[in-house]
Amino acid sequence: NAGVMQNPRHLVRRRGQEARLRCSPMKGHSHVYWYRQLPEEGLKFMVYLQKENIIDESGMPKERFSAEFPKEGPSILRIQQVVRGDSAAYFCASSPPGLLAGIYEQFFGPGTRLTVL
Amino acid sequence: GQQVMQIPQYQHVQEGEDFTTYCNSSTTLSNIQWYKQRPGGHPVFLIQLVKSGEVKKQKRLTFQFGEAKKNSSLHITATQTTDVGTYFCAGQGGTSYGKLTFGQGTILTVHP
């Protein structure tokens, strides 16, 4: 049973380029969460999505960042015009469906390490 | 907004010694979860506490949730070198289901 998959695992971009991070949740999971982790810091919530819906985006920067979870395919976190401060590890997590899905444990993917030169 | 503070930030112990990390939330939590992250790895779920005053054990690990559901602790008895890593608490509060607010983590080093 495959876990949460993220790709790429490592991504290098130059300032001003776009970064696209992909996340495939565990089989049967329909809730996806994105977190950002700076070196030696905790994880900061960014966004919570269900299929075709953004449930909570309170942690997303107002500009340059967007996320989607289409009906088919992986969830995408998109960062436009990257800056050096965007360098971090971006983790995706998923949880099972259900009315109380939001209180289940979250299963994390291996992360994408983004480096902005 | 909700904040979760975790102490200590670093802890060095000799193998066989005990270890405790503490977590405090600025608001009452609906539940608290604990995760472990190895260097270069991703967070791995350890446990979830839901009830006020709840205590759960997993072998050498003991987890507690405070009566007011605002604080929690993780205690490891007789640490082993395999316990090294960063331990995070993460709280969910109020009606903000889904969103986990993480503490800063405690980095545990175990010296053989």
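These figures come from a predicted structure and were not determined experimentally.

Trainee: Can you walk me through the interface of chain B and chain A in this structure?
Mentor: The parts lose accessible area when they come together, and the size of an interface is often stated as this lost area. Each partner contributes to the interface: chain B provides 20 residues, whereas chain A provides 21 residues. In this structure, the connection of chain B to chain A is made through zero salt bridges. Between the two partners, chain B and chain A, sit six residue pairs in polar contact (both at pLDDT 80 or more). Secondary structure elements with two or more residues in the side of chain B that touches chain A: β4 (29-37), β5 (44-49) and β9 (85-93) of chain B.

Trainee: Got a minute to help me understand the sheet that holds strand β1 (residues 5-7) of chain A in this structure?
Mentor: Within a sheet, neighbouring strands are paired by backbone hydrogen bonds and run either parallel or antiparallel to one another. Residue and element names in this part refer to chain A. On the basis of which strands lie adjacent, the open sheet formed by four strands has the order β1-β3-β8-β7 and antiparallel pairing. Two strands bound the open sheet, and with one partner strand each, they are β1 and β7 (65-68). Here the average twist between neighbouring strands, direction ignored, is 15 degrees. Bridge count for strand β3 (residues 19-24) against strand β8 (residues 75-79) is five bridges, and the pairing is antiparallel. Among the inter-strand pairings, R22 is bridged to a residue of β8, identified as I76.

Trainee: Would you mind going over the sheet that holds strand β1 (residues 4-7) of chain B with me for this structure?
Mentor: Residues and elements named next belong to chain B. With antiparallel pairing, five strands are arranged side by side in an open sheet as β1-β3-β8-β7-β6. Across the chains shown, the open sheet's two edge strands, defined by having one partner strand only, are β1 and β6 (55-58). Neighbour-to-neighbour, the strand axes of this sheet turn through a mean angle of 15 degrees, independent of strand direction. Pairing of strand β3 (residues 19-25) with strand β8 (residues 71-76), which is carried by six bridges, proceeds in the antiparallel orientation. Paired with T20 across the strands is H75, a residue of β8.

Thresholds, definitions, all that
Residues numbered from 1 in each chain as written. Chains lettered and ligands numbered in written order. Predicted model: local features only at pLDDT ≥ 70, side-chain atom pairs only at ≥ 80, totals over all residues. Heavy atoms only, no water. Contact = heavy atoms within 4.5 Å. Salt bridge = Lys/Arg side-chain N within 4 Å of Asp/Glu carboxyl O. Polar contact = N/O pair within 3.5 Å; in protein donor to acceptor, adjacent residues only side chain to side chain. Helix = DSSP H or I, 4+ residues; strand = E, 2+ residues; numbered from the N terminus. Pairing = 2+ DSSP bridges. Axes fitted to C-alpha atoms, helices over the stretch in contact; angles between N-to-C directions.

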